[in-house]
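Structural features, examined
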Amino acid sequence: MGAEGIGAAVRRKEDFRFLTGRGNYTDDINRPGQTHAYFLRSQVAHATIGKIDTSKAAKAPGVVAIFTGADFAADGKGGLPCGWLVKNKDGSPMQEPPHPVLAQGKVRHVGDPIAVVIAETREQAKDAAELIDVQLTELPVVGTMADAVKPGAAKIHDGGNVCYDWHIGDKDACEAAFKKAFKVAKLDLVNNRLIPNAMEPRAAIGDFDRATGEYTLYTTSQNPHVIRLLMGAFVLQIPESRLRVVAPDVGGGFGSKIFHYAEEATVTWASAKVGRPIKWTCDRAESFMSDAHGRDHVSHAEMAMDKDGKFLALRVKTDANMGAYLSTFAPAVPTYLYATLLAGVYTTPVVYAEVRALFTNTVPVDAYRGAGRPEATFLLERLVDNCAAEMGMDRVEIRKRNFIPSDAFPYQTPVALQYDSGDYQATLASALKISDWAGFEARRAEAKKRGKLRGIGISTYLEACGIAPSAVVGSLGARAGLYECANIRVHPTGSVTVFTGCHSHGQGHETTYAQLVADRLGISIDQIEVSHGDTNKIPFGMGTYGSRSLAVGGTAIVKALDKIVDKAKKIAAHLLEASPADIELKDGKFVVAGTDKAKAFGEISLAAYVPHNYPIDTVEPGLEETAFYDPKNFTFPGGCHICEVEIDPDTGVTKVVKFTAVDDVGRVVNPMIVEGQVHGGLAQGIGQALLETCVYDGNGQLRSGSYMDYTMPRADDLPSFDVATQSTLCTHNPLGVKGVGEVGAIGSPPAVINAVVDALRETGVRHIDMPATPAKIWALLNSGRRAAAE
């Protein structure tokens, strides 16, 4: 480890351009001759489409063209594909209805795009869209999952409202275990629907080159190669060689920019029709009704325990909302990213889960920071607190009693996953000490003197990152590989460019990846540039999500660096008249072991490109290598989060007064970036627990469609966090890393709600659904009606 290598708190290289306003986002890009798009969207949740009259709009000032779903279909283009197939309990495939780019025949949610207007300015396009006359015949609305399964419910798709009915685990063994139970803890809970709200709204520019027949899409994407694959093969149905996708700087994603959206396909296709580039930038109101939403589960869970509080079996039944259409990876979130994590950090020998995915007349739901793992953790950690209450045990003690021992790894869970490493006792002990858990009752008593209700909550969680390996996920329904690619190009003077298939949208890749290179080659990070986001520059890649960038993308970089070093050693051996086996790389120099004979890294790179004295018979000129890495397993970060809250009983307002997070993220490459990622995740997790929720009314109208109604966390809603790491190394990647991007959002919601319930303990409250708003809490305190918490 050097001053800039692995383990150093290096300041982010990329921050200067962002802080000085020199970032280059999609909306900053303007193409010569550019036009602008505006989408006419449905204002009703469910209706059949009759005639669409565009004649008046077509004559409006500045209008270049107008397209509808009929135009797209007439051109023989496809709909938006789903990237994951889930099978039903009986082995039959899930219902996979068409997802047209522009609505055809029906609209299925408020915000469903019906037509696109192309004009010289965005304002002209918007004005013209108001002149389009769409005849809609409204249909009954399926607004909730309960509505979706009512007898006689309107069908959103021809196949009905059930996408799939899936299960995992041994049902018979689970039933047998419950028959032996000393006590059973039960819980009904809702994991509230969220709207991602990245700082930068989505945007897209389609540009067709008539001379070459090639398309270019500039877009706000977390995975440009996947967008190229999906749009080229399934929507536009053109060779990938004719489609370039560029994702420049991206201002946050949180999962919402993984997916292939209708607007990307529309502007790309339409640019060829009008012969000019087309730009579309989403406004915030449009984002609320068109970006994929997250979470939205309704679950019932039960835990069977023996007389000592040991967990015997867990059974879970969950309804998961898909929205009106299947988004790109939506089917995987409540199945393989959720139910496989229900064992958590515990030795529960039997787990059985049933998941029913339902269509509703709402915006599609897909991955949002954590994607399935926050839902699993919230359910399990709330249930464990209820287990403690049911047994009359301490909340910490029941966790300790059921933890997987630190010497039990690798540990096979009853729901498919095998954990490679962890020490849950160590993270718990560290968090208890940092948070001063032992001194809490004194703080509770002091708060009571001030008229406040103080509570403390704990969450001991685990998640799975770096979804892999490709062969396994392929057998589970993934329609893509989940490897990563890296290309390392050493230039003649010794500077290095790293081309990665991952994509940074706030994670600090340009710094962290440079640290990997600096650590391996012994050069300054100022000599290292990181390039991502352009499919014409990078061989291939699967993008950034699921905290995979370091565990998968970083390992690909390490493997490419190994090839660079191996080749460089051969060049150095020739120049130093030694055997390659005797060459060592130390502090940026290739040294003959046991001597002072050495060549600097720059000398070797120059020799590779100016091969005057070179082993030309055995080594090719140049110094550039590519590596693909397909992980052998998931990585498994975990940790312990402890939250303290104070509630004002007069208003129901909850204040988070203290929050401790101790996370096992594997080897830490940059502690400052790790801390920043945890801080961001905690803000989102606390936001879900106390503030944020997406609300639809009975007519399918979005009632939380602006910041007036959708409450985002602000700085004064959050305390100063106490953050620490207590790491064990991943055993199956050379870096030993596990992932950090999502841990804050996974461990924090149950810690917050457990604290709220603890603060309300004298009222007899055993559960309150997220968000624990002042109105809910005030109603509980003042009416005593448990229904107010539902």
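Keep in mind that this is a model prediction, so the values were computed, not measured. (Residues numbered from 1 in each chain as written. Predicted model: local features only at pLDDT ≥ 70, side-chain atom pairs only at ≥ 80, totals over all residues. Heavy atoms only, no water.)

Looking at the overall build of the chain
As a reminder of what qualifies: Numbered from the N terminus, helices here are DSSP runs of H or I no shorter than four residues, and strands are runs of E no shorter than two. Radius of gyration means the value over C-alpha atoms here, while the globule rule gives 2.2 Å times the residue count to the 0.38 power. Residue exposure (1.4 Å probe, protein chains only): buried if accessible area is under 20% of the type maximum, exposed if over 50%, otherwise partly exposed. Each accessible area is a Shrake-Rupley estimate made with a 1.4 Å probe; only the visible protein chains count as cover when residues are assessed. His is not counted here, nor are the chain ends, while Lys and Arg score as positive and Asp and Glu score as negative. Lys charges are placed at NZ, Arg charges at CZ, Asp charges at CG and Glu charges at CD.
From N to C terminus, the chain includes 20 helices and 28 strands. The C-alpha radius of gyration computed for the chain amounts to 27 Å, which stays within 12% of the reference 28 Å derived for 790 residues, consistent with globular compactness. Relative to its 790 residues, the chain shows a buried fraction of 61%. Summed over all atoms, the accessible surface of the chain reaches about 28,900 Å², with 51% contributed by carbon and sulfur. In the chain, 82 side chains carry a positive charge and 92 a negative one; their mean positions are 2 Å apart.

Observations regarding unusual backbone geometry
Going from phenylalanine 409 to proline 410, the amide bond is cis rather than trans, its omega being 0 degrees. Mapped onto the elements of the fold, proline 410 is located in the loop between α11 (395-402) and β16 (411-412). Here the bond from alanine 468 into proline 469 is cis, since omega is -10 degrees, no more than 30 degrees from zero. Tracing the backbone shows proline 469 in the loop between β18 (453-462) and α14 (470-475). Unusually for a residue other than glycine, asparagine 197 sits at a positive phi of about 60 degrees.

Quick look at the pairing of strand β10 (residues 214-219)
On a regular strand, each side chain points to the face opposite its neighbour's, so the side chains alternate between the two faces of the sheet. Heads up, the rule is: A strand pair is defined by DSSP finding two or more bridges across the two strands. When the strands point away from the viewer, a crossover counts as right-handed if the path from the first strand over the helix to the second runs clockwise.
Of all six residues in β10, five are buried; the element is thus mostly enclosed. Bridge analysis of strand β9 (residues 203-209) against β10 gives six bridges, and the strand direction is antiparallel. Note on β10: the bridge partner recorded for isoleucine 205 is tyrosine 218. Counted between consecutive antiparallel strands, the loop separating β9 from β10 contains four residues, among which glycine 213 sits at a positive phi close to 75 degrees. As for the winding sense of the linkage, the β-α-β connection from β10 through helix α7 (residues 224-235) to strand β11 (residues 243-246) is right-handed.

A word on the sheet that holds strand β28 (residues 721-725)
Picture the strands of a sheet paired through backbone hydrogen bonds; they go either parallel or antiparallel. Stated formally: In this analysis an axis means a line fitted to C-alpha atoms, helices contributing only their contacting stretch, and an angle means the value between N-to-C directions, from 0 to 180 degrees.
What the four strands build is an open sheet, ordered β18-β26-β27-β28; its pairing is mixed. A strand with exactly one partner marks an edge of an open sheet, and here the two such strands are β18 and β28. Adjacent strand axes in the sheet meet at a mean angle of 10 degrees when their direction is disregarded. Relative to strand β26 (residues 638-647), β18 is paired through 10 bridges, and the arrangement is antiparallel. Looking at β26, one finds that serine 459 is bridged to histidine 641.

Here's the deal with the sheet that holds strand β3 (residues 63-68)
Rules: For this analysis, residues touch if any pair of their heavy atoms sits within 4.5 Å.
The strand order across the open sheet built from seven strands is β3-β5-β1-β12-β9-β10-β11, with neighbouring strands paired in mixed fashion. Strands with a single pairing partner mark the edges of an open sheet, and in this sheet they are β3 and β11. Mean inter-strand twist for the sheet, computed between neighbouring axes without regard to direction, equals 20 degrees. Relative to strand β5 (residues 113-119), β3 runs antiparallel, the two being bridged by five bridges. Within the sheet, the bridge partner assigned to isoleucine 66 lies in β5 and is valine 117. Each of β10 and β11 is contacted by α7, which is oriented at about 145 degrees to β11, the strand it contacts most.

Focus on the side chain of lysine 776
Note the threshold: For salt bridges, the criterion is a side-chain nitrogen of Lys or Arg within 4 Å of an Asp or Glu carboxyl oxygen. The definition of a polar contact used here is a pair of N or O atoms within 3.5 Å, where within protein one atom must be able to donate a hydrogen and the other to accept one, and adjacent residues in sequence count solely through side-chain atom pairs.
Structurally, lysine 776 is set in helix α20 (residues 774-783). At 5.9 Å, aspartate 769 is the nearest oppositely charged side chain to lysine 776, a buried residue that forms no salt bridge. Engagement of the side chain of lysine 776 in a polar contact is seen with the backbone oxygen of proline 771, the distance being 3.1 Å.

Quick word on the nonpolar core
Across soluble globular proteins, nonpolar side chains show a tendency to be buried alongside one another. For clarity, the threshold we go by: Remark: nonpolar core denotes a set of buried residues (Ala, Val, Leu, Ile, Met, Phe, Trp, Tyr, Cys) joined through side-chain atoms within 4.5 Å.
Within the largest apolar cluster, 125 residues are counted, with the highest numbers of intra-cluster contacts made by Tyr164, Met322, Leu342, Tyr419, Phe659 and Val756. Residues contacting tyrosine 419, with those up to four places away along its chain left out, are Ala343, Gly344, Ile404, Phe409, Pro410, Tyr411, Thr413, Tyr424, Leu462 and Phe636. Core analysis: the second largest hydrophobic core is formed by 49 residues, Ile6, Ile571, Ile583 and Phe590 among them.

A closer look at the domain arrangement of the chain
Quick reminder of the rule: What marks off one domain from the next here is an automatic or database domain assignment. Put simply, buried area is the surface a 1.4 Å probe can reach on two separate parts but cannot reach once they are joined, added for both.
Considered domain by domain, the chain is made up of domain 1 (15-21 + 483-629), domain 2 (31-140 + 199-252 + 257-290) and domain 3 (297-467 + 633-789). Residue-level contacts link 17 residues of domain 1 with 19 residues of domain 3. Carbon and sulfur atoms supply 64% of the area buried between domain 1 and domain 3, which totals about 1,300 Å² over both sides. For domain 1, the biggest contributors to the area lost against domain 3 are Gly546, Ser547 and Ala551; these three give 33% of the whole. Counting the contacts that link domain 1 with domain 3 gives zero salt bridges. Inspection of the region where domain 1 meets domain 3 yields six residue pairs in polar contact (both at pLDDT 80 or more). Elements with a minimum of two residues in the side of domain 1 that touches domain 3: α15 (509-521) and α16 (549-576). The leading source of residues in the side of domain 1 that touches domain 3 is α16, at six residues.

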